[in-house]
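Topology and contacts: notes
Given next are the chains, with one letter for each unit.
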Amino acid sequence: MVERADPFHLDGRRIILFDTPGFDDTNKTEREILAIITFELEKQYRKGRTLHGIIYVHRISDLRVGGLAKTYFRIFRKLCGDPFLQNVIIMTNLWSRLPSELEGHRRADELASLDDFFKPAIAQGAVMMHHMQDTVDSAHGILRQILKNHPRALSIQEEIVDQGKTITETGAGMALDEKLALLAQQYERKLKEQFEAAEEARREKDEETRQEQLEEAERVRQLLEKLEEEKSNQARQYQLLQEQFAEAERNREQGMREAEESSCGETQVARRQEAKVQRAGTAGPVGLLRIWHALSAVLGRLTVTTSAQ
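The numbers attached to residues start from 1 for each chain and follow its sequence in the written order. Totals for whole chains, interfaces and linings use every residue, but because this is a predicted model, local features are given only for residues with pLDDT of at least 70 and side-chain atom pairs only at 80 or more, for both listing and counting. Heavy atoms from the whole structure form the basis of all side-chain values; hydrogens and water molecules are not counted.

1. Comments concerning the sheet that holds strand β7 (residues 127-130)
Spatial strand order, β5-β6-β7: three strands in an open sheet with parallel pairing. Edge positions in the sheet fall to β5 (54-59) and β7, since each of these pairs with one other strand and no more. Pairs of neighbouring strands in the sheet enclose a mean axial angle of 30 degrees, with direction left out of account. Should any heavy atoms of two residues lie within 4.5 Å, those residues are counted as being in contact. The axes used here are C-alpha line fits, helices contributing only the stretch in contact, and every angle between their N-to-C directions lies in the interval 0 to 180 degrees. Counting from the N terminus, the helices are DSSP H or I runs at least four residues long and the strands are E runs at least two residues long. Helix α2 (residues 67-80) rests against β5 and β6 (88-93) of the sheet, and its axis sits at about 175 degrees to β5. Here, a strand pair is defined by DSSP locating no fewer than two bridges between the strands.

Have a look at this one:
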């Protein structure tokens, strides 16, 4: 799930960081990851909160950029939309695993020049930065770059909330479907090859090989079914997340109303006590009580602020 860090201050600005899972998470499917990230972004946007920036982390220690990495970054770009790319930091890390800093800069230049990877995003305003020293000062330098940004909505937030699209109809959802469609084609091709090999083994009366090919074909068929099931269930699963959030919001608002009513009751009791104390000519702690209620209200508002201030 998305993890929210405790607020902290940098250069007088209040900052809250959110840590999301990556599309290469081994415990969840790409559809589940997209739903988790999208749901958190939708929640924040519906509350009127927009982001100052996103940090996309890339390991500089990776020897090569594979097809999956390029596909995941393409989905990320669709999730952001071109206007928001101005608020994106492409941050390289794990420089300590390289043989030299010079090698790291060579790899960074190569990454920035790839037409099917970082180059189009950088052309749209994304900034490439390097977390080389793994120090707090280095991290603060990256955050200071984000603090220069004007907060804005991501494309997927506008698509889900303002345009009423389902998650599968968004740019990111369709980009993920393209990736899964290619995977399905590979599975189908593999399935055909397994059946052909099994038929060849039958003709040659090689029962052992035939059985192996049929078992492999069954495994591939199950993978295909899983892909189709994920696609058909994604919209419904996301709707369930929305319904659960709406219920939680209703419960939260009800709790706030009850707390406010309770607070009003306590204030009325305090005022009656104050009147009694004043009639008795004695000072009381009512002023502190009022200050505490006011301070609690202010603190309550501050703790839900998510954009840097």
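2. As for the packing of helix α1 (residues 30-46) against helix α6 (residues 155-162)
Relative placement of two packed helices is described by the angle separating their axes and the distance separating the axes. Viewed as axis vectors pointing N to C, α1 and α6 meet at an angle of 70 degrees, and their least axial separation amounts to 9 Å. The orientation of α1 relative to α6 falls into the category roughly perpendicular. Of α6, the residues touching α1 (which contributes Leu 34, Thr 38, Leu 41, Glu 42, Tyr 45 and Arg 46) are Ile 156, Gln 157, Glu 158, Ile 160, Val 161 and Asp 162. The classification used treats Ala, Val, Leu, Ile, Met, Phe, Trp, Tyr, Cys and Pro as nonpolar, Asp, Glu, Lys and Arg as charged, and all other residues, Gly among them, as polar. When the residues that make up the contact of α1 with α6 are grouped by side-chain class, the tally is six nonpolar, two polar and four charged. An angle counts as roughly parallel when it lies under 35 degrees, as roughly antiparallel when it exceeds 145, as roughly perpendicular when it falls between 65 and 115, and as oblique in every other case.

3. Examining the environment of Glu 208
With respect to the element layout, Glu 208 can be found in helix α8 (residues 207-279). With ten residues separating them in the primary sequence, Glu 208 and Ala 198 have C-alpha atoms 9.7 Å apart.

4. As for helix α3 (residues 101-113)
Expected helix span is taken as 1.5 Å per residue step, with the number of steps being one fewer than the number of residues. With 13 residues, α3 extends 19 Å between its outermost C-alpha atoms, agreeing within 8% with the 18 Å of an ideal straight helix rising 1.5 Å per residue. For every residue, the accessible area (1.4 Å probe, protein chains only) is compared with the maximum for its type, and the residue is labelled buried under 20%, exposed over 50%, or partly exposed between those bounds. Those residues of α3 not exposed but buried are Glu 103, Gly 104, Arg 107, Ala 108 and Leu 111. All buried residues of α3 project into a common sector of 135 degrees when viewed along the axis, lining one side. Opposite its buried face, α3 presents the exposed residues Leu 102 and Asp 109, each directed more than 90 degrees away. Elements in contact with the buried residues of α3: β5, α4 (119-123) and β7. Think of it as the arc spanned by the lines of direction from the helix axis to the C-beta atoms.

5. Brief notes about the packing of aromatic side chains
Note on aromatic pairs: the rings of Phe, Tyr and Trp (six-membered ring only in Trp) are paired at centre separations within 6.5 Å, and the planes decide the class, stacked below 30 degrees, edge-to-face beyond 60, tilted for the rest. Counted by the stated rule, this structure contains eight aromatic pairs. Arranged with centres 5.7 Å apart and planes meeting at 20 degrees, the rings of Phe 23 and Tyr 72 form a pair that is stacked. Note that Phe 23 is positioned in the loop between β4 (18-19) and α1 and Tyr 72 in helix α2, a separation of 49 residues in sequence. For Phe 23, a relative accessible area of 11% translates into the label buried. Between the aromatic rings of Tyr 56 and Phe 76, the centroid separation amounts to 4.7 Å while the plane-to-plane angle is 45 degrees, which identifies the pairing as tilted.

6. Quick notes on the nonpolar core
Counting 37 residues, the largest nonpolar core has Leu 79 and Cys 80 as the members making the most contacts within it. Going through the elements one at a time, α1, β5, α2, β6, α3, α6 and α7 (171-203) are the ones with two or more residues in this core. When residues of this core are assigned to their parent elements, the largest contribution, six residues, is made by α2. Think of a nonpolar core as a cluster: buried Ala, Val, Leu, Ile, Met, Phe, Trp, Tyr and Cys residues, connected wherever their side-chain atoms sit within 4.5 Å. Counting residues in each nonpolar core, the second largest holds five residues, with Ile 89, Met 91, Met 129 and Ile 146 among its members.

7. Some details on the pairing of β5
Alternating residues of β5 divide into Ile 54, Tyr 56 and His 58, all buried, and Ile 55, Val 57 and Arg 59, none buried. Direction of pairing for β5 relative to β6: parallel, over a ladder of six bridges. For Ile 54, the partnering residue across the bridge sits in β6 and is Val 88. Crossover handedness is defined by viewing with both strands directed away from the observer: a clockwise path from the first strand over the helix to the second marks the crossover as right-handed. After leaving β5, the chain enters α2 and then returns to the sheet as β6, a path that is right-handed.

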